[in-house]
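A look at the structure
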Amino acid sequence: MRRLELLRVEHRDLDTAIAALVDSGGGDQMQVARLKKRKLRLRDEIAQLEDELVPDIIA
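Below, the structure is looked at part by part. Along each chain, numbering runs from 1 in the same order as the chain's sequence is written. This being a predicted model, a pLDDT of at least 70 is required before a residue's local features are given, and a value of 80 or more before pairs of side-chain atoms are given or counted; all residues contribute to the totals for chains, interfaces and linings. With hydrogens and water set aside, each side-chain value is computed from the structure's full complement of heavy atoms.

**Section: the overall build of the protein chain**
- Put simply, DSSP marks the helices as runs of H or I at least four residues long and the strands as runs of E at least two long, and each gets a number from the N terminus on. For the protein chain, the helix and strand inventory stands at two helices and zero strands.
- What you see for the protein chain is a C-alpha radius of gyration of 15 Å, clearly larger than the 10 Å of a compact globule of 59 residues, by over 25%.
- Here's how the labels work: a residue is buried when its accessible area is under 20% of the maximum for its type, exposed when over 50%, partly exposed in between, all with a 1.4 Å probe on protein chains only. Residues counted as buried form 19% of the 59 residues belonging to the protein chain.
- Long-range contacts, defined as pairs at least 24 residues apart, comprise 68% of the intrachain contacts of the protein chain with a sequence gap of at least 6.
- Carbon and sulfur atoms form 56% of the exposed surface of the protein chain, whose accessible area is close to 4800 Å². The globule rule used for comparison is 2.2 Å times the number of residues to the exponent 0.38, while the radius of gyration itself is calculated over C-alpha atoms. In this description, contact between two residues means that some pair of their heavy atoms is separated by no more than 4.5 Å. Only the protein chains shown count as covering a residue, and every accessible area follows the Shrake-Rupley method with a 1.4 Å probe.

**Some details on helix α1 (residues 2–24)**
- One less than the residue count of a helix, multiplied by 1.5 Å, gives the span that helix is expected to have. Compared with an ideal rise of 1.5 Å per residue, which puts 23 residues at 33 Å, α1 spans 33 Å between its outermost C-alpha atoms and is within 8% of the ideal.
- Within α1 the residues assigned to the buried category are Leu4, Leu7, Leu14, Ile18 and Leu21.
- Buried positions along α1 lie against α2 (29–53).

This is the structure we're talking about:
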């Protein structure tokens, strides 16, 4: 549960960092792309952990 919260915080922080780089115009596109890629990996990991928390119920 703690891991999930840490991943969510990192995901939000990356969102803020990406926005700041794009708004400032100073960030190079490679750096922005790397951050976006990391953000997507975090989203996938968050989704996987959330799926593990919800039990499969066959209706």
